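Understanding the architecture of this molecule
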Amino acid sequence: MQIYNTLSKRKEEFVPIEPGKVRMYVCGPTVYNLIHIGNARPMIVFDTCRRYMEHKGYEVNYVSNFTDVDDKIIKKANEEGVDPSVISERYIAECKKDMSHMNVKPATTHPKATEEIDGMLQMIQTLIDKGHAYVAKDGTVYFRTRSFKEYGKLSHKNLDDLQGGNRSLLVSGEDQKEDSLDFVLWKPKKEGEPYWESPWCNGRPGWHIECSVMSKKYLGEEIDIHAGGEDLVFPHHENEIAQSEAANGKTFAKYWMHNAFLNIDNKKMSKSLGNFFTVRDISEKYDLQVLRFFMLSAHYRSPLNFSAELMEAAKNGYERIVSCVENLKYLEQNTTLSSATKEEEELIARIQSFEEKFDAAMDDDLNTADALSAIFELVKFANTNAKAESSKELLQALREKIVELSDICGLIVEKDAELLDSEVEALIEERTMARKNKDFARADAIRQELLDKGIVLEDTREGVKWHRNF
Ligand code: AMP
Ligand code: ZN
């Protein structure tokens, strides 16, 4: 498999450090709100990478963190008058729900920053001991950027060009830094903020240190793949490399993968710009499998512009696969012929070629757009060749291959039997009763259960209305 490595700026053959195993770390979200569909892009893309590698036979140890201590979380907690952990736990739970509806597998480990403070204190101490970090007057600990000779190797930036030029490196207490390029490892607490004791001051970690520490703890000092959105290349990943390599004396990660942005009106979708849709917003209108399909319909390193038209196209594409599978299943249940005929055996042998096309696309730096095209070609082949008089063997072989390839993309194309209208109405009635009895937990659970089956409820003045997503 070829992977584009941000470090070398070219595609490289993927060779794992340990044969048969992949150690992979993906920077996760800061949890102060529902995730938006921009955040969903790396989740879906790298989950697909993981699934494909598992399909190839690798055992993948996949770690993705939750940043649960951060200015925005603290701000929100203060607004609501609750502890920051109430905010972060709430949105971790919501994020996991969204992930599950997008069919993103849970990571092998989902560490949280606040539970890894000891490891951070240790790594910071090591950096101080090795001369790569220093403690300023107020107890802030800074990384001495120029002490790490390879700084800039990931983002291909030159230290002298950065000097004083990049405001994102400047933080408060600037005057106490030895050099404007130095960045914070540990900072003193402010009034009303959570803090931890440390040898330097009561305070909390800078953002970058958590990933270096969690990656080391759960995957080891050297890992195969480190991934995230392209905005993380600089400074976040550059700083992670500096911290990890300066502390451990080893190459931190072999391959660096970065997804391009999901844009809206050709601008980055982000919380700070306010131009975003949450995954939850989208789930009101579409099955989240459609969102997944939409994300995979472009190569992960190409910017993707979100629009209603493209979502409709994704819906049509996804439904084309689903209805082909449904049709094959129907024919399978009704055919009287079990074994393949001579001609059908030839058709079955040809199915393999679609898988080869699919694999070739995925092997080429995870080209999911071409991989989906290979699935479509197989769907077309199935639609042309599956007939009422086809054998069960042929129908099954076609269906199984479509389901298998879709599953590698994390697309669920074989649906459970749909709820009957009467069953939907009974559940709505039960939800209405639950709400009358103020059992909101049950009411919410019913709404979610229906949503999972593609049924969307709308509370209107005339009562509850509902429709099927597809
Ligand atoms: P954040 O919560 O902002 O730290 O983001 C979590 C992950 O989502 C990171 O890997 C970001 O690079 C990624 N991300 C955020 N916004 C977008 C976007 N509009 N398109 C693609 N990836 C994004
Ligand atoms: Zn990170």
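Located above this text is the structure these notes cover.
Residues numbered from 1 in each chain as written. Chains lettered and ligands numbered in written order. Predicted model: local features only at pLDDT ≥ 70, side-chain atom pairs only at ≥ 80, totals over all residues. Heavy atoms only, no water.

A word on the packing of aromatic side chains. Under the defined criterion, the tally for this structure stands at 11 aromatic pairs. Geometrically, the ring pair formed by Phe293 and Phe376 is edge-to-face, given 5.9 Å between the ring centres and 65° between the ring planes. Here Phe293, found in helix α9 (residues 288-296), pairs with Phe376, found in helix α12 (residues 368-385); they are 83 residues apart in sequence, far enough to count as distant. Taking the relative accessible area as the measure of exposure, Phe376 reaches 17% and is therefore buried. On the numbers, 5.1 Å between centres and 45° between planes, the contact of Phe354 with Phe381 is tilted. Separated by 27 residues along the polypeptide, Phe354 in helix α11 (residues 342-363) and Phe381 in helix α12 bring together distant segments of the chain. The exposure classification of Phe354 matches that of Phe381, with both residues buried. Among the aromatic side chains, those forming a connected cluster through ring pairs are Phe14, Tyr58 and Tyr255. Over the face of the ring belonging to Tyr32 we find Lys271, whose NZ or CZ atom lies 4.5 Å from the ring centre. In this structure, Arg320 is placed above the aromatic ring of Phe376, and the distance from its NZ or CZ to the ring centre is 4.5 Å. (Phe/Tyr/Trp six-rings, centres within 6.5 Å; stacked < 30°, edge-to-face > 60°. Helix = DSSP H or I, 4+ residues; strand = E, 2+ residues; numbered from the N terminus. Buried < 20%, exposed > 50% of the residue type's maximum accessible area, 1.4 Å probe, protein only. Lys NZ or Arg CZ within 6 Å of the ring centre and 35° of its normal.)

A separate point is the pairing of strand β15 (residues 463-468). Here strand β14 (residues 455-460) pairs with β15 via six bridges, running antiparallel. Looking at the pairing, Glu458 lines up with Lys465 of β15. Joining the antiparallel neighbours β14 and β15 is a turn of two residues. (Pairing = 2+ DSSP bridges.)

This part covers the nonpolar core. Met53, Met102, Ile225, Phe358 and Ile402 are the most contacted members of the largest nonpolar core, which totals 90 residues. When residues of this core are sorted by domain, at least three fall in each of domain 1 (2-259) and domain 2 (308-408). Not counting the four nearest positions on each side in its chain, Met53 is found in contact with Met1, Ile3, Phe14, Val22, Tyr58, Val60 and Ile225. (Core = buried A, V, L, I, M, F, W, Y, C linked by side-chain atoms within 4.5 Å. Domains from an automatic or database assignment. Contact = heavy atoms within 4.5 Å.)

Further remarks concern the sheet that holds strand β5 (residues 133-135). Spatially, four strands are ordered β5-β6-β7-β8 in an open sheet, and the strand pairing comes out antiparallel. Looking at the sheet topology across the chains shown, the edges are occupied by β5 and β8 (203-205). For this sheet, the mean inter-axis angle between neighbouring strands, taken without regard to orientation, is 20°. Sheet analysis places β5 next to strand β6 (residues 141-143), joined by three bridges and oriented antiparallel. Considered in β6, the bridge of Val135 is made with Val141. (Axes fitted to C-alpha atoms, helices over the stretch in contact; angles between N-to-C directions.)

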